[in-house]
Amino acid sequence: MDDRKVLLLTGASRGIGHATVKRFAREGWRILTCSRQAFSDRCPWGGAEDHIQIDLADPEQTRDVIQDIRERLDGRLHALVNNAGISPKGPGGSRLNSIETGLDTWSQVFNVNFFAPIVLARGLQEELARAQGAVVNVTSIAGSRVHPFAGAAYSTSKAALRALTREMALDFGPLGVRVNAIAPGEIETSILSPGTEKIAEVLPLRRLGQPEEVAEVIWFLCNNTSSYVTGTEIEVNGGQHV
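Here the structure is a predicted model, which means the values were calculated and not measured. The residue numbering used here restarts from 1 in each chain and proceeds along that chain's sequence as written. Residue-level local features of this predicted model are given only where pLDDT is at least 70; pairs of side-chain atoms are given and counted only at 80 or more, and the full residue set underlies all totals for whole chains, interfaces and linings. Note that the side-chain values use all heavy atoms of the structure and ignore hydrogens as well as water.

Further remarks concern the sheet that holds strand β5 (residues 134-138). The strands making up a sheet associate through backbone hydrogen bonding, with each pair oriented either parallel or antiparallel. We call two strands paired when DSSP finds no fewer than two bridges between them. To qualify as a helix, a DSSP run of H or I must reach at least 4 residues; to qualify as a strand, a run of E must reach at least 2; elements of each kind are numbered from the N terminus. The strand order β3-β2-β1-β4-β5-β6-β7 describes an open sheet built from seven strands, whose pairing is parallel. Only two strands of the sheet have a single partner each, and these edge strands are β3 (51-53) and β7 (233-236). Neighbouring strand axes in the sheet, compared pairwise and without regard to direction, differ in orientation by 15° on average. Both strand β1 (residues 6-10) and strand β2 (residues 30-35) contribute to a ladder of five bridges, which runs parallel. The residue bridging L8 from the neighbouring strand is L32, located in β2. By the convention used here, residues are in contact when the closest approach between their heavy atoms is within 4.5 Å. Under this scheme, a helix contributes an axis fitted over its contacting stretch, all axes are lines through C-alpha atoms, and angles between N-to-C directions fall in the 0 to 180 degree range. Contacts from helix α7 (residues 211-222) reach β4 (79-82), β5, β6 (178-184) and β7 within the one sheet, and its direction differs from that of β6 by about 170°.

With that settled, consider the packing of helix α1 (residues 15-26) against α7. Any two packed helices are characterised by the angle at which their axes cross and by the distance between the axes. The contact between α1 and α7 brings their axes to 8 Å, and the two run at 55°. Our classification of the angle between α1 and α7 gives oblique. By crossing handedness, the relation of α1 to α7 is classed as right-handed. In this structure, α1 uses G15, I16, A19, T20, K22, R23, F24 and R26 to contact α7, whose residues at the interface are P211, E212, V214, A215, E216, I218, W219 and C222. Under the grouping applied here, Gly and all other residues not named as nonpolar or charged are polar, the nonpolar ones being Ala, Val, Leu, Ile, Met, Phe, Trp, Tyr, Cys and Pro and the charged ones Asp, Glu, Lys and Arg. Residue composition of the contact of α1 with α7, by class: nine nonpolar, two polar and five charged. Under this scheme an angle from 65 to 115 degrees is roughly perpendicular, one under 35 degrees roughly parallel, and one over 145 degrees roughly antiparallel; angles in between are oblique. Each helix crossing is assigned a hand: it is left-handed if the near helix lies turned anticlockwise from the far helix by less than a right angle, otherwise right-handed if that turn is clockwise.

In this section: unusual backbone geometry. Positive phi, close to 50°, is recorded for Q132, a residue that is not glycine. Along the chain, Q132 turns up in the loop between α4 (125-131) and β5.

We now examine the pattern of salt bridges. A carboxyl oxygen of Asp or Glu within 4 Å of a side-chain nitrogen of Lys or Arg is what we treat as a salt bridge. For the structure on display, the rule yields nine salt bridges. Among the salt bridges present, the one from R23 reaches E27, with a minimum N-O distance of 2.5 Å. Accessibility here uses a 1.4 Å probe with only protein chains present; expressed as a share of the type maximum, an area under 20% marks a residue as buried, one over 50% as exposed, and anything in between as partly exposed. Judged by its relative accessible area of 10%, R23 falls in the buried class. E27 gets classed as partly exposed once you look at its relative accessible area, which sits at 38%. The partner of R70 in a salt bridge is E127, with the nearest N and O atoms 2.7 Å apart. Residue R70 is found in helix α2 (residues 59-72), and its partner E127 is found in helix α4; the two are separated by 57 residues along the sequence. Among the residues examined, R70 registers a relative accessible area of 27% and is labelled partly exposed. Assessed through its relative accessible area of 3%, E127 is described here as buried. Connected through salt bridges with shared partners, the residues R23, R26, E27 and E216 form a single ionic network.

This is the structure:
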């Protein structure tokens, strides 16, 4: 029997997700990863048996994967981190506003950014309850203000996820499961929009954040040092929200 604690992480293949994998692996956790990409043999953490290839934009796939995940668990899930998110762009990487964004794009974004987190948490609530586990939803600075690069569908999906975090904290609390969110700002990853450096220049900390800094906050919310924290959203943005 594997007695390691277990993390289920969506959007694990790059950026914040990849840094989170490394942080939890360092603590000896078993990590189940979900992403659109297949498992890479070059990855030194985990194995193909702990990876689920899934497109969370497809609601039917998301619902169907629950049983697959449950079969890979030993009845307990100590942490669920809903990190997967998509932010489609227009021609030339332009921002998609509320007038020009097609309804199919709105639906795709909300399926990944908003619906997948609650579908996974509801489907795995028994395993989370047995472990007295934690859920962390990754929102965004764009969920609280109009952002120069993040589109309308992305921003509103993250605002909705912030509100959902409060609702989930209320509903999952009696099960002994804590639900929190983190709201990253401008984090240095491979998908940064051109011009983000200009935003960083006027932040209180005057720099971009690193994925590892976000992963540390996720780690805090998933272990016992935050045992009395639920229903909150932690800003991880160098003071961008002030």
